[in-house]
Every structure is written in structure tokens, then in C-alpha cells.
Amino acid sequence: MKEELLASIEKVLDHSQFILGHEVKTFEEKFSQYCGVNYAIGVNSGTDALFLAMKSLGVGKGDEVITVPNSFIASTSSIIATGAKPVFVDVAEDMNIDVDLIENTITDNTKAILPVHLTGRPSEMTRILEIAEDKDLFVIEDCAQAVGAEYKNQKVGSFGNVNCFSLHPLKTLNACGDGGVITTSDEEIYKQLLALRNIGLKDRDHADIWGYNSRLDTMQAAILNVKFKYFDDWTEKRRLNAKHYIDDLRNIVKVPEDNDYMKSVYHTFIIQTERRDELQRYLLENEIDTKVHYPIPIHLQVAAKALGYKKGDLPVCERQTETILSLPIYPDLTNEQMNYIISIIKSFF
Ligand SMILES: Cc1ncc(COP(=O)(O)O)c(C=O)c1O
């Protein structure tokens with residue numbers, strides 16, 4: 001799509017509105033409509049989206065935020081950046097937050113629940129929203145891996161008070177650099193976020209709050225507006241590829257099973273096997289690159305030491321860390337390539 005992207009970039013060069021040019025607004029409008037919310041706010045990255053979302057809700061020092069240990073590190077680093085304390089809840093077999101364990105971790109300081117729709121599979125939002133309502137907590141969805149995913153026919157990014165997406169080049173809807181977007185249907189939060197991402201300014205010269213510089217770049221918005229046209233097709237291809245793997249590998253390794261009230265978008269396709277490391281080496285010998293998302297749970301990272309967790313505290317997550325392997329899943333993967341990958345996996349076992 002190089003030619004189409006270059007034409008879009010050229011328009012930005014011509015009008016030279018590099019900061020918050022009209023392409024940003026266009027993207028925000030398309031994105032909010034897509035998610036079924038009132039507002040979208042383009043920011044610098046998914047990490048900033050999470051940090052600013054929590055700032056807009058007043059999350060800070062003395063507060064606790066409940067989240068998962070098996071996500072990309074930014075889900076937690078953004079909590080730390082606000083001054084709040086992350087509190088980890090173990091995950092269920094589907095690799096998302098185990099909703100039966102949430103209530104045990106709620107204290108007087110708990111301010112929010114931050115579920116991650118890992119791999120593009122929605123978390124159990126009905127139960128999360130019930131708990132949040134019952135205990136008067138905010139919900140912040142980390143949808144970084146899940147643009148377009150649906151839970152009970154509703155798009156992720158429309159359940160929580162404020163919700164966060166990454167547009168990083170490795171994500172399913174991706175810019176040619178860093179980018180992120182926040183969604184909300186609350187007008188007050190929206191106004192707060194517009195200022196927070198723009199150094200606190202409410203107009204050229206007035207700031208009512210202290211803010212940050214975290215605007216979605218106009219050039220990236222121009223790129224995203226082109227890519228967005230193709231996004232649903234790409235997602236469908238990912239889902240077809242996932243189905244192909246599931247049908248062919250179900251009896252050999254543990255695969256992520258779809259269910260009828262969720263639409264997963266398969267940012268990653270993760271299989272599980274006790275022989276993970278051996279299989280990964282064998283696949284590489286056969287020119288198939290795989291990755292582990294993620295090899296070190298967040299609570300066991302050196303950076304997390306002061307939080308006081310130790311090995312064994314979050315057993316399901318820790319067990320999965322030893323067995324998970326992400327297979328290639330991108331939309332352009334051909335059937336021939338998939339059949340090759342599947343045949344190599346079969347020959348290994
Ligand atoms: C679950 C999750 N949360 C947050 C982020 C942070 O997004 P970004 O890299 O755009 O800062 C990512 C991806 O990088 C992610 O996968």
C-alpha cells in the first residue's frame with residue numbers, strides 16, 4: 001500500500017499542519033464510531049493512553065489498580081507512572097483475568113480494575129463490570145491487542161470508563177511508528193483528556209491543569225486513515241488463519257478455543273505445550289519464527305521487586321509462561337505457508 005500511504009503523507013506535507021492536523025480528528029471520529037463510543041482521543045502510544053486514562057480518572061499515589069501479570073509490561077508500568085500501586089490477579093485458562101479472584105484483592109485503596117484483552121480475546125466484561133459497580137471502582141480496558149474484538153456483540157473499548165489502544169507497528173491496526181488512542185463516552189473525561197494530551201492547555205494560552213505532550217502525530221493519523229479502510233478485511237483474515245490452526249492442531253497442542261459470545265481478533269495466536277522450547281527450536285530450524293508473549297511475568301521482573309511478589313504467587317500465569325508459543329498469524333499468511341507450519345508441528349510431535 002506504499003503508493004496510497006505516500007499520497008496521504010504528501011497531503012500532510014502540503015498543508016503542513018503537523019501538530020493536531022485535521023487527519024487526527026478524522027481518525028478519532030472514525031475510531032469512536034467503530035468502537036461505538038462518543039469520543040476517541042489520539043495519543044502518542046498505548047502506554048501513554050493507559051497513563052493518561054488513569055490520570056483523567058484521578059488515579060495516583062495511595063491508590064491500587066487491579067490488573068494481570070501476563071501482559072506486556074506497559075499495562076503495569078503505566079500504573080506505576082501514575083504513582084498508584086499495581087495489584088495482580090492471576091489469569092484463567094484463557095489467559096485473561098480470572099474474574100473469580102478479583103474480589104479477594106479489593107481493599108479500601110482499590111480505585112480501578114484494568115483488564116487486558118490479551119491476544120485480542122475479550123476479558124469476561126459482564127462480571128468485571130458487576131464487580132466494579134458493586135465496589136464503586138473504575139474500569140479501564142487495555143485493548144492494545146484487541147481493536148475490533150467483540151464481547152456479546154459489543155466492541156471492546158466501549159465497556160470501561162476509559163479504554164486504551166496501541167497503534168504500534170506490531171499491533172493489528174498499526175501506524176508507521178508509535179501511536180495510541182483512548183475511547184470514552186463521558187464528556188467530562190473527554191475534555192480532561194484533550195487537555196492532558198496537550199500540555200494541559202484548553203486553548204492556545206490557558207491551562208487549568210498540568211498536562212503532558214502526547215498527541216497522535218498528524219502524519220501517523222494520515223497513515224492510519226488509509227489503513228483503517230482495510231482493517232476489517234485484515235481482521236477477518238486473521239480469524240480465518242486462527243480457525244485453520246485450531247482445526248488442524250486441536251488434537252496435538254492446546255489451542256485457544258473460540259466461544260459463541262466473543263469475537264477474538266488474534267493479535268497473537270498462542271498454542272501451549274510442555275515441550276515448548278524444543279518445539280520452538282525445531283520450528284526455527286525449519287525457518288519458522290515464533291515468539292513467546294511473554295517469557296517473564298510482570299510480577300517477576302526485576303523492576304517489580306519492590307512490589308513484593310515471588311515465584312509461586314500467581315501459579316496459572318507462571319505455568320502458562322513455560323508452555324506458551326505464538327505462531328505466525330498475520331493477515332497475509334497464505335494457506336500454503338500455514339499448511340507448511342502445521343506439517344512441521346505435526347512432524348515434531
Ligand atoms: C497489552 C498491551 N498494553 C499496552 C501496550 C503498550 O502500547 P505501546 O507499545 O503503543 O506503548 C502494549 C503493546 O505494546 C500491549 O500489548
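Procedures and definitions
Residues numbered from 1 in each chain as written. Predicted model: local features only at pLDDT ≥ 70, side-chain atom pairs only at ≥ 80, totals over all residues. Helix = DSSP H or I, 4+ residues; strand = E, 2+ residues; numbered from the N terminus. Rg over C-alpha atoms; globule rule 2.2 N^0.38 Å. Buried ≥ 20, exposed ≤ 12 C-beta atoms within 10 Å, placed from the backbone. Pairing = 2+ DSSP bridges. Axes fitted to C-alpha atoms, helices over the stretch in contact; angles between N-to-C directions. Near = placed C-beta within 6 Å. Nonpolar A, V, L, I, M, F, W, Y, C, P; charged D, E, K, R; others polar. Domains from an automatic or database assignment. Contact = placed C-beta atoms within 7 Å. Parallel < 35°, antiparallel > 145°, perpendicular 65-115°, else oblique. Left-handed = near helix turned anticlockwise from the far one by under 90°. Core = buried A, V, L, I, M, F, W, Y, C linked by C-beta atoms within 7 Å. Expected span 1.5 Å × (residues − 1). Arc of directions from axis to C-beta.

Before going further, it helps to examine the overall build of the protein. Tallying secondary structure elements over the protein gives 10 helices and 12 strands in all. Here the C-alpha atoms of the protein give a radius of gyration of 20 Å, agreeing with the 20 Å that 2.2 N^0.38 yields for 349 residues. Along the longest, intermediate and shortest principal axes, the C-alpha atoms of the protein span 65 × 55 × 35 Å. Looking at the protein residue by residue over its 349 residues, the buried ones come to 45%.

This brings us to the environment of Ile80. Along the chain, Ile80 turns up in helix α4 (residues 74-82). With 58 residues separating them along the chain, Ile80 and His22 place their C-alpha atoms 33 Å apart.

Pairing is mixed across the open sheet formed by seven strands, whose spatial order is β1-β9-β8-β5-β4-β2-β3. Only two strands of the sheet have a single partner each, and these edge strands are β1 (39-43) and β3 (85-88). For this sheet, the mean angle separating the axes of adjacent strands, direction not counted, is 25 degrees. Here strand β2 (residues 64-67) pairs with strand β4 (residues 110-113) via three bridges, running parallel. Bridge pairing links Val65 to Ala112 in β4.

In this section: the site of the ligand. The immediate surroundings of the ligand are formed by 15 residues, with Ser45, Gly46, Thr47, Ala144 and Ser166 found nearest. Classifying every residue of the shell around the ligand by side-chain character gives four nonpolar, nine polar and two charged.

Attention now moves to unusual backbone geometry. Cis geometry marks the peptide bond from His293 to Tyr294; its omega dihedral reads 10 degrees. Among the structural elements, Tyr294 can be located in the loop between α8 (276-285) and α9 (315-323). Of note in the backbone geometry, Met95 takes a positive phi value of approximately 75 degrees without being a glycine. At Lys152, a residue that is not glycine, the phi angle is positive and equals roughly 50 degrees. Along the polypeptide, Lys152 turns up in the loop between β6 (150-151) and β7 (154-155).

Domain boundaries in the protein define domain 1 (2-90 + 97-225) and domain 2 (231-348). For domain 1 and domain 2, the distance between their C-alpha centroids amounts to 25 Å. On the domain 2 side, the residues contacting the 24 residues of domain 1 number 26 residues. Of all the secondary structure elements, the ones that give two or more residues to the side of domain 1 that touches domain 2 are β3 and β6.

Let us now look at the packing of helix α2 (residues 22-35) against helix α7 (residues 218-249). Here α2 crosses α7 at 40 degrees, and the two axes come no closer than 8 Å. Looking at the two axes, α2 sits oblique to α7. In this structure, α2 crosses over α7, and the sense of that crossing is left-handed. Where α2 abuts α7, its residues Glu23, Val24, Thr26, Phe27 and Lys30 lie against Thr218, Ala221, Ala222, Leu224, Asn225 and Phe228. For the contact of α2 with α7, a count of residues per class yields six nonpolar, three polar and two charged.

Another aspect to go through is the sheet that holds β7. Spatial ordering of the open sheet is given by β7-β6-β10, a layout of three strands whose pairing is antiparallel. Lying at the two open borders of the sheet, with one neighbouring strand each, are β7 and β10 (262-263). Note: β6 against β7, two bridges, orientation antiparallel. Residue pairing across strands places Tyr151 opposite Gln154, the latter belonging to β7.

Ranked by size, the top nonpolar core spans 88 residues in total, and within it Ala53, Ala112, Val181 and Ile182 carry the most contacts. Ranked by the residues each element gives to this core, the list is headed by α7, at seven residues. Residue assignment places this core across two domains, with domain 1 (2-90 + 97-225) and domain 2 (231-348) each supplying three or more.

To continue, consider the packing of helix α1 (residues 2-15) against α7. Between two packed helices, what matters for the description is the angle formed by their axes and the separation of those axes. At a minimum axis separation of 9 Å, α1 and α7 run at an interaxial angle of 145 degrees. The hand of the α1/α7 crossing is right-handed. Touching Glu4, Leu5, Ser8, Ile9, Lys11 and Val12 of α1 are Thr218, Met219, Ala222, Ile223, Asn225 and Val226, all from α7. Partitioned by chemical class, the residues of the contact of α1 with α7 number seven nonpolar, three polar and two charged.

Right, let's get into the pairing of β1. When you tally the buried positions in β1, you get five out of five residues, the bulk of the element. Pairing of β1 with strand β9 (residues 180-184) involves five bridges; the strand directions are antiparallel. In the strand pairing of β9, Ala40 is matched with Thr183.

Look at α2: 20 Å from first C-alpha to last across 14 residues, which is about the 20 Å you get at 1.5 Å a residue. Taken residue by residue, α2 has Glu23, Val24, Phe27, Phe31, Ser32 and Cys35 as its buried positions. Angular distribution of buried residues about the axis of α2 spans 160 degrees; they occupy a single face of the element. For α2, the exposed residues lying more than 90 degrees away from the buried face are Glu29 and Gln33.

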